[in-house]
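# Secondary and tertiary structure notes
Spelled out, the chains give:
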Amino acid sequence: MQRMRQGGAMTSAIEFYGAQWCGDCRRAKQVLDRYHVDYNHHDIESEEGAAEKAEQISGQKHIPVLLFEDGTVFVEPTNPQLTGKLKELGLIE
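Residues numbered from 1 in each chain as written. Predicted model: local features only at pLDDT ≥ 70, side-chain atom pairs only at ≥ 80, totals over all residues. Heavy atoms only, no water.

## Quick notes on the packing of aromatic side chains
Following the criterion strictly, the structure yields two aromatic pairs and no others. When the centroid spacing of 5.6 Å and the interplanar angle of 40 degrees are considered together, the rings of Phe16 and Tyr39 count as tilted. Of this pair, Phe16 sits in strand 2 (residues 14-18) while Tyr39 sits in strand 3 (residues 39-43), placing them 23 residues apart in sequence. For the pair formed by Phe16 and Tyr39, the shared burial category is buried. Ring geometry for Phe68 versus Phe74: centroids 5.2 Å apart, planes at 75 degrees, classification edge-to-face. Above the plane of the ring of Phe68 lies Lys85, whose end atom (NZ or CZ) is 5.8 Å from the centre. (Phe/Tyr/Trp six-rings, centres within 6.5 Å; stacked < 30°, edge-to-face > 60°. Helix = DSSP H or I, 4+ residues; strand = E, 2+ residues; numbered from the N terminus. Buried < 20%, exposed > 50% of the residue type's maximum accessible area, 1.4 Å probe, protein only. Lys NZ or Arg CZ within 6 Å of the ring centre and 35° of its normal.)

In structure tokens:
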């Protein structure tokens, strides 16, 4: 089952900005997918304006950038950081 939602067409608790070639992005997506957490995926290579939006959100050019519904922003989070945030938001147990 694919939990990713492309291009922000649907609302989700997490906005995910990344690229297919990015190892940290693939790793972060694996964490989200493992727990079946919905997210809007924005591919900075193919979605117009996504790279600029990611930089505007994070103030950096690093990816992945994850924007959570509570306004928290993670850039290149570790698996434990991401898992902890998901627990904090009540998205996983």
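## Some remarks on the side chain of Thr83
Structurally, the position occupied by Thr83 is in helix 3 (residues 79-88). Discounting chain neighbours no more than four positions away, the residues touching Thr83 are Val31, Tyr35 and Ile92. (Contact = heavy atoms within 4.5 Å.)

## Topic: the confidence of the model for the chain
In this model, the chain carries a mean pLDDT of 89, and residues with pLDDT of at least 70 account for 87%. Overall, residues 1-11 carries pLDDT values under 50, and its contacts beyond four positions in sequence, including any with other chains, amount to 24 contacts. (pLDDT = per-residue confidence, 0-100.)

## Notes on the nonpolar core
Core analysis: the largest hydrophobic core is formed by 23 residues, its most contacted members being Ile14, Phe16, Leu32, Leu66, Phe68, Leu82 and Leu86. Secondary structure elements with two or more residues in this core: strand 2, helix 1 (23-34), helix 2 (50-58), strand 4 (65-68) and helix 3. Ranked by residue count, the leading element in this core is helix 1, at four residues. Once you skip the residues sitting within four places of it in the chain, Phe16 turns out to touch Cys25, Ala28, Lys29, Leu32, Tyr39, Asn40, His41, His42, Pro64, Val65 and Leu66. (Core = buried A, V, L, I, M, F, W, Y, C linked by side-chain atoms within 4.5 Å.)

## Structural notes on the pattern of salt bridges
Throughout the structure, instances matching the rule amount to four salt bridges. Ionic pairing is found between Arg27 and Asp24, a salt bridge with its closest N-O pair at 3.3 Å. Here Arg27 pairs with Asp24, and both are found in helix 1, just three residues apart, close to one helical turn. Note on Arg27: relative accessible area 22%, which makes it partly exposed. A salt bridge links Lys85 to Asp70, with the nearest nitrogen and oxygen atoms 2.6 Å apart. (Salt bridge = Lys/Arg side-chain N within 4 Å of Asp/Glu carboxyl O.)

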